[in-house]
Amino acid sequence: MKTSHRMTGAALAVLAMAALTSCGSSTEPAADGTTTLKFLVDNSQATVDTAKALSDAFMQANPTIKIETETRPGGSEGDNIVKTRLSTGDMSDVFWYNSGSLLQALNPSQTMVDLTGDPVLQHVQKDFLPVVSQDGKVYGVPAGTAMGGGILYNRKVYEQLKLEVPKTWADFMANNDKIKAAGIAPVIGTFKDTWTSQLFVLGDYYNVQAAVPGFAQDYTANKTKFAATPAAKAGFDHLAEVHAKGYMQEGFGSATNDQGMKMLVEGKGAHYPMLSAQLPPLVATMPQAATDVGFFGIPGTDAAKNGATIWEPAGIYIPKTSENVDAAKKFLAFVASPAGAEATNKAVQPAGPFRITGAKLPEDAIQVAKDLQVYVDEGRTAPALEFVSPVKGPSLEQITVAVGSGLTPPAEGAAQYDKDVEKQAKQLGLAGW
């Protein structure tokens, strides 16, 4: 997805030296017996609220450890602050940062405490670990919850028309026919906010991985392409087919994300390819959003392999330069425990499932989060491509708007995207480019 984060270059030459200055030593506690941990987080409200809930609950259970939270900006400015503080040995004892490909730019094997095999990870779900790992070593625990990227749907419309959640693309299109016949927009498009046009492609990655398990590795190494891989090109095909059959509402090209969410909640549109995180903010003004909207993964070709693509939560990490590694590990163990999840639930409405074994959603969780939980519990998820490959082109949203508007054929759109990623792959110095 388009995010506020950018993979920018940073001078990492001094990282090895910084890492050697302290490799897990611990300072003596203060005179009163307390140890203070500094915790760096981004300044988004959800992150700040989650960090406060975790810190307060942890300090209540561990009175000899004090946590002082400090905030940083989001986006590329925040990225640069994290990289600079790591490179100068000035990082806080614990810090909150992206998982997935953006983490790799921090060179975690040189800058962070290796948690592989540590009891800190005992409750962390194993399929989360790859997005906080480098070269098989694990460096973080999940912060907050995952979110789904797929189809948000109006459950009242489904109930009214006696429809079942589709397990294949053919079933999905058959549902769209019935919805259109009932005078309801089958698929909501909001192409004025161009980023929203990407979900049929990015949310389809579960199906790509199911069909071609090595796609991410080969794509990163420039050994395969979207246009040359039918399972990967399918997302572009889906965009084109939905447009060709007239399933989107009139005016989809000028509609905004906010308008699309309102249409969905009100039942004026039945399906919206979107991220589950768009739901919680609506509950205050449109309470029915919590119960009337559900989620399903973008269906593929095989009902037996049905699953969903998820955007993994961020991670919480310990820099090698921390002088309070033992206390920091104790805090991470709490974050990655059912008790930590319970503390989070009291502060923030989850948009999806926790990646912590034994963690439960609150009873009043939104339906979308409950639907996602089923996919996770049954092991039918895959992380979005951007969590397993750093190769992401800047123009995908313009390409998907053109394909989804009938202006560019899907095969041509896939080929355009393959060309779009080249510049970034070369900037990253990836082998094979």
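Residues numbered from 1 in each chain as written. Predicted model: local features only at pLDDT ≥ 70, side-chain atom pairs only at ≥ 80, totals over all residues. Heavy atoms only, no water.

Quick word on the confidence of the model for the chain
- Per-chain confidence: the chain averages 91 in pLDDT, with 93% of residues scoring 70 or above.
- Counting contacts from residues 2-26, a segment whose pLDDT is below 50, to residues more than four positions away or on other chains yields 56 contacts. (pLDDT = per-residue confidence, 0-100. Contact = heavy atoms within 4.5 Å.)

Some remarks on the side chain of Arg355
- Of note, Arg355 is situated in the loop between helix H15 (338-345) and helix H16 (367-377).
- Looking at Arg355, its side chain comes within polar contact range of the side chain of Gln125, at 2.8 Å.
- Within the structure, the side chain of Arg355 is placed 2.8 Å from the side chain of Glu312, a separation counted as a polar contact. (Helix = DSSP H or I, 4+ residues; strand = E, 2+ residues; numbered from the N terminus. Polar contact = N/O pair within 3.5 Å; in protein donor to acceptor, adjacent residues only side chain to side chain.)

Description of empty space enclosed by the protein
- Evaluation of the coordinates by the stated rule reveals five cavities of 30 Å³ or more.
- Elements with a contribution of two residues or more to the lining of the largest cavity: helix H8 (199-202), helix H11 (230-244) and strand S9 (269-275).
- Tallied by class, the residues present in the lining of the largest cavity amount to 10 nonpolar, five polar and no charged.
- By volume, the second largest cavity amounts to about 60 Å³.
- Along its surface, the second largest cavity is lined by Val201, Leu202, Tyr205, Val208, Phe215, Phe226, Ala232 and Leu385.
- Breaking the lining of the second largest cavity down by element, the ones donating at least two residues are H8 and helix H9 (205-211). (1 Å grid on protein atoms, 1.4 Å probe; cavity = no way out; pocket = protein on both sides within 12 Å on 5 of 7 lines; lining within 4 Å. Points joined across faces, edges and corners; volume = space filled by probe spheres on them. Nonpolar A, V, L, I, M, F, W, Y, C, P; charged D, E, K, R; others polar.)

Some points on H16
- Of all the 11 residues making up H16, eight are buried; the element is thus mostly covered by neighbouring parts of the structure.
- Of all the positions in H16, only Gln367, Val368, Ala369, Asp371, Leu372, Gln373, Tyr375 and Val376 are classed as buried.
- The inward-facing, buried residues of H16 contact strand S7 (147-154), helix H6 (155-160), helix H13 (289-292), strand S10 (293-296), strand S11 (308-311) and strand S13 (381-383).
- At the C-terminal side of H16, Gly379 shows a positive phi close to 70 degrees. (Buried < 20%, exposed > 50% of the residue type's maximum accessible area, 1.4 Å probe, protein only.)

A short note on the packing of aromatic side chains
- By the definition in use, this model includes 17 aromatic pairs.
- Look at Phe226 and Phe236: their rings are 6.1 Å apart centre to centre, the planes differ by 90 degrees, and that puts the pair in the edge-to-face class. With Phe226 in the loop between helix H10 (215-220) and H11 and Phe236 in helix H11, this pair connects stretches of sequence that are 10 residues apart. Each member of the pair, Phe226 as well as Phe236, carries the same accessibility label: buried. (Phe/Tyr/Trp six-rings, centres within 6.5 Å; stacked < 30°, edge-to-face > 60°.)

Here's the deal with the sheet that holds strand S3 (residues 94-97)
- Spatially, the five strands line up as an open sheet ordered S2-S1-S3-S12-S6, and their pairing is mixed. Each edge of the open sheet carries a strand with a single partner, namely strand S2 (65-72) and strand S6 (140-143). If you compare each strand with its neighbour and ignore which way they point, the axes differ by 25 degrees on average.
- Sheet topology places strand S1 (residues 35-42) next to S2; eight bridges connect them, and they run parallel. Within S2, the position partnered with Thr36 by the bridge is Lys66.
- Helix-sheet contacts for helix H2 (residues 45-61) involve S1, S2 and S3, and the interaxial angle to S2 is about 170 degrees. (Pairing = 2+ DSSP bridges. Axes fitted to C-alpha atoms, helices over the stretch in contact; angles between N-to-C directions.)

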